[in-house]
Amino acid sequence: MRTEQKISGTNDRPRMSVCFTNKNIHVQFIDDATGVTLVSASTTSKATPDRDKLGANAASAKTLGTLAAQAALGKGIKQVVFDRGGARYHGKVKALADAAREAGLQF
């Protein structure tokens, strides 16, 4: 809650929200000014290749970070504000963020 008070996304620079459950990973690019989700990616999404093999681990986070960045770049999103959802920036969160940066997102 504390991080969400400080972080907000705009249409030019949306918020990249990351949610980790025990089994899955979800990433959303949100425009907080209008309250609209612009793009989303998940380990449960039908558009995700090999989704049966993906889980909530660092290897899957790296794969999903790349897929999310490609989806965002396809919609014209280049700069984002990273919202780690209160999780520490290590392990799965760091793997996802580094993969998104390598794929071309700036944050």
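Preceding block: the structure.
Residues numbered from 1 in each chain as written. Predicted model: local features only at pLDDT ≥ 70, side-chain atom pairs only at ≥ 80, totals over all residues. Heavy atoms only, no water.

Student: Any chance you could break down the packing of helix H2 (residues 58-74) against helix H3 (residues 92-103) for me, citing the residues and the numbers?
Tutor: In a pair of packed helices, the angle between the axes and the distance between the axes together describe the arrangement. Between H2 and H3, whose axes approach to 7 Å, the crossing angle comes to 35°. Classified by chirality, the crossing of H3 by H2 is right-handed. Across the interface between the two elements, Ala-58, Ala-61, Lys-62, Gly-65, Thr-66, Ala-69 and Leu-73 from H2 touch Lys-92, Ala-95, Leu-96, Ala-99, Ala-100 and Ala-103 from H3. Class assignment for the residues of the contact of H2 with H3 results in nine nonpolar, two polar and two charged. (Axes fitted to C-alpha atoms, helices over the stretch in contact; angles between N-to-C directions. Helix = DSSP H or I, 4+ residues; strand = E, 2+ residues; numbered from the N terminus. Left-handed = near helix turned anticlockwise from the far one by under 90°. Contact = heavy atoms within 4.5 Å. Nonpolar A, V, L, I, M, F, W, Y, C, P; charged D, E, K, R; others polar.)

Student: An account of the sheet that holds strand E3 (residues 36-42) is needed here, citing residue identities and associated values.
Tutor: The strand order E3-E2-E1-E4 describes an open sheet built from four strands, whose pairing is mixed. On the outer flanks of this sheet lie E3 and strand E4 (81-83), each paired with one strand and no other. Across the sheet, the mean angle separating the axes of adjacent strands is 20° when strand polarity is ignored. Summarising the sheet, strand E2 (residues 25-31) and E3 pair through six bridges and their orientation is antiparallel. Looking across to E3, one finds that His-26 is bridged to Ser-42. The sheet strands contacting H2 are strand E1 (15-20), E2 and E3, and the helix crosses E2 at an angle near 25°. Across the sheet, H3 touches E1, E2 and E4, and the angle it forms with E1 is around 145°. (Pairing = 2+ DSSP bridges.)

That's the geometry; what it means functionally is another story.
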